[in-house]
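Here's the letter readout for the chains.
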Amino acid sequence: MKEIRTSSLYSLFVFGLPIIITAIYTKVENSIGPVVFVYSFVGGILLGLTWIKTLIKKLNRVAGLIIGIPIMIVGIVLLFNFFIWVSWIMGEMDYSLM
């Protein structure tokens, strides 16, 4: 149960960090596009790998990979959309470098 709790907390952290990053970038006045792209890609991959590791420990290797790889793909897409939504809400809409 500890592994699932750790993975869930990591998921909340990964989806909470874009709020802080966007708040910082509204003060700096730089293009947030590359940050959104790189963070979404890397964060989604790490999110998927965390869940794959947890599911392999809890279930087995095949089930962990079958469930974990879609979590990784969906995580990248959801994180990208969430990051753009948060930055749009905060008024940071400069994606020219993405």
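Predicted model only: the values in this text are computed from it and were never measured.

**Considering the side chain of Thr 54**
- Locating Thr 54 in the fold gives a position in helix α2 (residues 33–58).
- Of note is the side chain of Thr 54, whose polar atom sits 2.5 Å from the side chain of Ser 7.
- In this structure Thr 54 touches Glu 3, Ile 4 and Ser 7, once residues within four positions along its chain are discounted.

**Structural notes on the packing of aromatic side chains**
- Going through the model one piece at a time under the given rule, you end up with three aromatic pairs.
- Measuring from ring centre to ring centre gives 5.8 Å for Phe 15 and Phe 82, while their planes differ by 65 degrees; the resulting arrangement is edge-to-face. Pair noted here: Phe 15 is in helix α1 (residues 2–28) and Phe 82 is in helix α3 (residues 61–89), with a separation of 67 residues, a long-range link.
- Relative accessible area serves as the criterion here: at 23%, Phe 15 is assigned to the partly exposed category.
- Overall, the relative accessible area of 23% leaves Phe 82 in the partly exposed class.
- For the pair Tyr 39 and Phe 83, a centre-to-centre distance of 5.6 Å together with 80 degrees between the ring planes defines the contact as edge-to-face. Here Phe 83 lies in helix α3 and Tyr 39 lies in helix α2, a separation of 44 residues in the sequence. The pair formed by Tyr 39 and Phe 83 is uniform in burial state, with each residue classed as buried.
- Taken together, the ring pairs connect Phe 15, Phe 82 and Trp 85 into an aromatic cluster.

Rules used in this analysis
- Residues numbered from 1 in each chain as written.
- Predicted model: local features only at pLDDT ≥ 70, side-chain atom pairs only at ≥ 80, totals over all residues.
- Heavy atoms only, no water.
- Helix = DSSP H or I, 4+ residues; strand = E, 2+ residues; numbered from the N terminus.
- Polar contact = N/O pair within 3.5 Å; in protein donor to acceptor, adjacent residues only side chain to side chain.
- Contact = heavy atoms within 4.5 Å.
- Phe/Tyr/Trp six-rings, centres within 6.5 Å; stacked < 30°, edge-to-face > 60°.
- Buried < 20%, exposed > 50% of the residue type's maximum accessible area, 1.4 Å probe, protein only.

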